[in-house]
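Listed below, chain by chain, are the residues.
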Amino acid sequence: INDFLWTSQLRFYWDTVEDTCMIRQNHALIKYDYEYVGNSGRLVITPLTDRCYMTLTTALQLYRGGLPQGPAGTGKTETTKDLAKAIAKYVIVFNCSDGLDYQAMGRMFSGLAQTGSWSCFD
């Protein structure tokens with residue numbers, strides 16, 4: 001039960017005290033968000049996506065954000081979207097350009113804060 005290979009998996013449990021679904025990975029405990037995000041395909045899980053999941057779920061446990069970095073086309077956005085789907089959290093992807101000003105960014109952040117959604121700024 002304390003084996004790292006087991007605890008590093010994304011696991012779903014029913015919490016009878018809070019009467020809700022909880023998600024565990026390593027020492028992180030996250031509430032399932034119950035957001036319907038469609039019935040599309042999932043990513044193939046690799047050691048790199050596992051590592052990214054562990055980092056992002058630990059950041060969530062600590063009330064922090066995540067910032068996957070790396071070269072273009074390596075799956076950062078898709079990995080984040082797949083984790084969001086796994087914990088039933090809505091994610092919005094913004095394709096940023098030079099035309100974005102502080103007012104547009106303010107409206108984006110306002111909407112994200114009101115909905116509790118995640119965002120990816122590409």
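Anyway, here's the lowdown on the structure attached to this text. (Residues numbered from 1 in each chain as written. Predicted model: local features only at pLDDT ≥ 70, side-chain atom pairs only at ≥ 80, totals over all residues. Heavy atoms only, no water.)

Some thoughts on the overall build of the protein chain
Within the protein chain, the secondary structure is distributed over 4 helices and 5 strands. Overall, the protein chain is about 50 × 35 × 30 Å in size when its C-alpha atoms are taken along their principal axes. For the protein chain, the residues scored as buried account for 30% of the 122 residues in total. Averaged over its 11 positive side-chain charges, the protein chain has a centre that lies 3 Å from the centre of its 12 negative ones. (Helix = DSSP H or I, 4+ residues; strand = E, 2+ residues; numbered from the N terminus. Buried < 20%, exposed > 50% of the residue type's maximum accessible area, 1.4 Å probe, protein only. Lys, Arg positive; Asp, Glu negative; His and termini not counted. Charge placed at Lys NZ, Arg CZ, Asp CG, Glu CD.)

Observations regarding the packing of aromatic side chains
Tallying each qualifying case throughout the model produces 4 aromatic pairs. Aromatic side chains Y32 and Y34 sit 5.0 Å apart centroid to centroid with 85 degrees between the ring planes, which places their arrangement in the edge-to-face category. Classification of Y34 as partly exposed rests on a relative accessible area of 49%. (Phe/Tyr/Trp six-rings, centres within 6.5 Å; stacked < 30°, edge-to-face > 60°.)

Digging into the sheet that holds strand β1 (residues 11–15)
In spatial order, the strands read β1-β2-β3; together these 3 strands make up an open sheet with antiparallel pairing. The outermost strands of the open sheet, each flanked by one partner alone, are β1 and β3 (28–31). Looking at each pair of strands side by side, their axes are set apart by 35 degrees on average, direction ignored. Sheet topology note: the strand β2 (residues 20–25)/β3 ladder contains 4 bridges and is antiparallel. Within β3, the residue paired with M22 across the bridge is K31. Lying on the sheet, helix α2 (residues 47–61) is in contact with β2 and β3; it crosses β3 at an angle near 75 degrees. (Pairing = 2+ DSSP bridges. Axes fitted to C-alpha atoms, helices over the stretch in contact; angles between N-to-C directions. Contact = heavy atoms within 4.5 Å.)

Things to note about the nonpolar core
Residues I23, I30, C52, Y53, L56, L83, A84, I87, V91, W118 and C120 constitute the largest nonpolar core, which totals 11 residues. Among the elements that take part in this core, α2 stands out by supplying 3 residues, more than any other. Not counting the four nearest positions on each side in its chain, C120 is found in contact with T77, T80, V91, I92, V93 and F94. (Core = buried A, V, L, I, M, F, W, Y, C linked by side-chain atoms within 4.5 Å.)

With respect to the pairing of strand β4 (residues 91–94)
On a regular strand, one side chain projects to one face of the sheet and the next to the other, so that they alternate. In this structure, β4 lies alongside strand β5 (residues 118–121), joined through 4 bridges in parallel fashion. The residue of β5 that forms the bridge with V91 is W118. Traced from β4 through helix α4 (residues 102–115) to β5, the parallel crossover comes out right-handed. (Right-handed = clockwise from strand over helix to strand, strands pointing away.)

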